[in-house]
Amino acid sequence: MTDKSSNQMWGGRFAAGPDAIMEAINASIGFDQRMAAQDIAGSRAHAAMLAKAGIITDKDAEAIREGLLTVLSEIDSGKFNFSAALEDIHMNVEARLKEIIGEPAGRLHTGRSRNDQVATDFKLWVRDQMDAAIAGIEALMKALVAQAEAGADWVMPGFTHLQTAQPVTWGHHMLAYVEMLARDRSRFVDARKRMNESPLGAAALAGTSFPIDRHMTAEALGFDRPAANSLDAVSDRDFALDFLSASSICAIHLSRLSEELVIWSSAQFRFVTLSDRFSTGSSIMPQKKNPDAAELIRAKIGRIFGANTALTIVMKGLPLAYSKDMQEDKEQTFDAADSLMLALAAMEGMVKDMSANRDSLEAAAGSGFSTATDLADWLVRALNMPFRDAHHVTGTLVAMAESRGCDLPDLTLEDMKSVHEHITEDVFGVLGVHNSVASRTSYGGTAPSEVRKQVARWKDLLG
């Protein structure tokens, strides 16, 4: 399109078109064309409402409907010629519609503005991304539940400060991420419910004098209701911030799991083996198998955090209602959504394909005096010893084992009696890692029996 055609779209307000610099900073078509389907859906709903309200004729509404379907087909097939001179997806679609159907195209914009149009398009797009994120999270949760079920009674070290703390089960560790992701899913579900109000018909900022039916367009577009305040409707980007906030917290969980997979797949740990589909080799070191997918997820998370911060800064100082600053809401959100969906898909693939090395997990589970707490608990239960005293006795026994280069179960009964004379042979029943995890039967504990209950619960919830 020429600058002249651009001026015509502006109704003759400007005598000359914007120069190249202004066009470059002002145009958004390079990225907002991603909202073409949402833009056309909103326009179709608006045209149908205008006809039913008697604002335009049924004939014009039918021409608009058919013309918009043609435009959508051209966009979907890659034949549409997007023009930076027309600035954005809204004006590109309207200009092409006019070329196809002529004068009726000019009636489409009755009773609305680009301000409520872009808010509607963007909200529809973000809503679709929330649905996709929910589906992606659920797929990853199912993959983790499958791992948990397979290794419900496999022992491994549980860590605090990345130091061996107490034995846990592989299934329990997998289910920890299921719980995190369940909260992530709930945040997206809550945000979707909260955002589901239609801006369409709020017009530029004050509503319109035309007798439009905003409830009709809201229902047609799957919204629960129209937004109740026109100023808020055109200037609200809370829904995008909600999406980015929920994405950021989900990204934290994905990054933590990525970090564990990087550690666990190392030669020093050998807890898991990642499939070749999600690993790469080294150009000079033939023994290497690098967890590149996990590392890239860990890195891409920063893009999501950055988008959340960027949009927060854009919105923090804006007076009501619309300001052009708000055009900067989309690129970051688009990029964050792409990064989140890619990270979820890659993580699901890694989790489904990875193999836990049961022998390595079990060997590590008993190292680092991991059953010391079980010994202290036994002293409390069997000898009625105050826990602080039991803690001191256990620490003394740990120091003894450490000085001899052995673990607690390797100490003799005589060794233990030398620290506390009332310790009996029964103590050895709690010092094995399998006995340790089996005893942790409190709700939410690591015992295989509890893990299997939680697996059953999640299989039922996820379907």
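These numbers come from a predicted model, not from an experiment. (Residues numbered from 1 in each chain as written. Predicted model: local features only at pLDDT ≥ 70, side-chain atom pairs only at ≥ 80, totals over all residues. Heavy atoms only, no water.)

Asks: When you look at the overall build of the protein chain in this model, what are you seeing that I'm missing?
Replies: Check the secondary structure of the protein chain and you find 20 helices and six strands. For a compact globule of 463 residues, the expected C-alpha radius of gyration is about 23 Å, and the protein chain comes in at 31 Å, more than 25% above that figure. Dimensions along the principal axes, computed over C-alpha positions, put the protein chain at roughly 100 × 50 × 40 Å. The proportion of buried residues among the 463 residues of the protein chain is 49%. If you take every contact in the protein chain between residues at least 6 apart in sequence, the share linking residues at least 24 apart comes to 74%. Surface accessibility of the protein chain: about 21600 Å² in total, with carbon and sulfur atoms responsible for 52%. (Helix = DSSP H or I, 4+ residues; strand = E, 2+ residues; numbered from the N terminus. Rg over C-alpha atoms; globule rule 2.2 N^0.38 Å. Buried < 20%, exposed > 50% of the residue type's maximum accessible area, 1.4 Å probe, protein only. Contact = heavy atoms within 4.5 Å. Areas by Shrake-Rupley, 256 points an atom, 1.4 Å probe, with all protein chains shown as cover.)

Asks: Would you mind going over the packing of aromatic side chains with me for this structure?
Replies: In this description, an aromatic ring pair is defined by two values, namely the gap between the centres and the angle between the planes. Applying the stated criterion across every chain yields a total of nine aromatic pairs. Ring centres 5.5 Å apart and planes at 50° place the aromatic pair W170 and W264 in the tilted group. On the criterion of sequence distance, the pair formed by W170 in helix α8 (residues 170-195) and W264 in helix α11 (residues 238-264) is long-range, its members being 94 residues apart. Residue W264 is classed as buried on the basis of its relative accessible area of 2%. By the ring-pair criterion, three or more aromatic residues cluster together here, those being F159, W170, W264, F269 and F271. (Phe/Tyr/Trp six-rings, centres within 6.5 Å; stacked < 30°, edge-to-face > 60°.)

Asks: Just checking my understanding: could you explain the domain arrangement of the protein chain for this structure?
Replies: Accessible area lost when the parts come together is the quantity often used to give the size of an interface. In terms of domain boundaries, the protein chain breaks down into domain 1 (20-107), domain 2 (114-362) and domain 3 (364-462). Here the C-alpha centroids of domain 2 and domain 3 sit 38 Å apart. Between domain 2 and domain 3, the residue contacts involve 28 residues of the former and 26 residues of the latter. Inspection of the region where domain 2 meets domain 3 yields three salt bridges. The residue K459 makes a salt bridge to E149 at a minimum N-O spacing of 3.1 Å. Our count for the contact surface shared by domain 2 and domain 3 stands at eleven residue pairs in polar contact (both at pLDDT 80 or more). Of all the elements in the fold, those that place two or more residues in the side of domain 2 that touches domain 3 are α7 (114-150), β1 (155-160), β2 (163-169), α8 and α14 (358-365). (Domains from an automatic or database assignment. Salt bridge = Lys/Arg side-chain N within 4 Å of Asp/Glu carboxyl O. Polar contact = N/O pair within 3.5 Å; in protein donor to acceptor, adjacent residues only side chain to side chain.)

Asks: Looking at this structure, I do not really get unusual backbone geometry. What am I missing?
Replies: Most of the time, phi is negative for any residue but glycine, and the peptide bond is trans. In this structure, the amide linkage connecting L320 to the following residue, A321, adopts the cis form with an omega of 5°. Tracing the backbone through its elements, the reader meets A321 in the loop between α12 (292-315) and α13 (330-353). The residue A203 is not glycine, and still its phi comes out positive at about 60°. Topologically, A203 is positioned in the loop between β3 (197-198) and α9 (214-220). In the Ramachandran plot, R270 falls in the positive-phi region, its phi being about 55° despite a non-glycine side chain. You can see R270 is positioned in the loop between α11 and β5 (272-273).

Asks: What should I look at first to understand the nonpolar core in this one?
Replies: In summary, soluble globular proteins display a tendency toward joint burial of nonpolar side chains. Core analysis: the biggest nonpolar cluster contains 76 residues, and L144, W170, F188, L254, L261, W264 and M347 have the highest contact counts within it. For this core, the secondary-structure elements that each account for two or more residues are α7, α8, α11, α12, α13, α14 and α20 (448-462). A total of 14 residues in this core trace back to one element, the largest contributor, which is α7. Excluding residues that lie within four positions of it along the chain, W264 makes contacts with M156, W170, H173, M174, F269, R270, F271 and V272. Judged by nonpolar contacts, the second largest core, of 21 residues, contains L397, A401, L408 and V427. (Core = buried A, V, L, I, M, F, W, Y, C linked by side-chain atoms within 4.5 Å.)

Asks: It is not clear to me how a nonpolar patch on the surface should be interpreted in this structure. Could you clarify?
Replies: A contiguous nonpolar surface patch, about 270 Å² in accessible area, is contributed by L205, L231 and L320. Along the chain, L205 turns up in the loop between β3 and α9. Overall, the relative accessible area of 39% leaves L205 in the partly exposed class. (Patch = residues over 30% accessible without salt bridge, like charges linked within 9 Å, V, L, I, M, F, W, Y side chains within 5 Å.)

Asks: Can you help me understand the pattern of salt bridges in this one?
Replies: One pass over the structure, following the stated rule, counts 28 salt bridges. Between R185 and E138 there is a salt bridge, and its shortest N-O distance comes to 3.1 Å. Residue R185 is found in helix α8, and its partner E138 is found in helix α7; the two are separated by 47 residues along the sequence. One network of salt bridges, with partners in common, ties together D60, E103 and R107.

Asks: What am I meant to see in the packing of α12 against α13 here?
Replies: Describing two packed helices takes the angle between their axes plus the distance from one axis to the other. Contact pair α12 / α13: the axes reach a minimum separation of 9 Å and the direction vectors enclose 155°. In terms of orientation, α12 lies roughly antiparallel with respect to α13. In the packing of α12 onto α13, the handedness of the crossing is left-handed. Contact with α12, carried on its side by A293, A294, I297, K300, R303, I304, A307, A310 and L311, involves Q332, T333, D335, A336, S339, L340, L342, A343, A346, M347 and M350 of α13 and no other residues of that element. For the contact of α12 with α13, the per-class residue count stands at 14 nonpolar, three polar and three charged. (Axes fitted to C-alpha atoms, helices over the stretch in contact; angles between N-to-C directions. Parallel < 35°, antiparallel > 145°, perpendicular 65-115°, else oblique. Left-handed = near helix turned anticlockwise from the far one by under 90°. Nonpolar A, V, L, I, M, F, W, Y, C, P; charged D, E, K, R; others polar.)

Asks: Would you explain the pairing of β2 in this entry?
Replies: Put simply, side chains in a regular strand alternate between the two faces of the sheet. Taken together, the six bridges between β1 and β2 define a ladder with antiparallel strand orientation. Following the sheet pairing, P157 is matched in β2 by P167. What sits between the antiparallel neighbours β1 and β2 is a turn of two residues, in which H161 has the positive phi angle 55°. (Pairing = 2+ DSSP bridges.)

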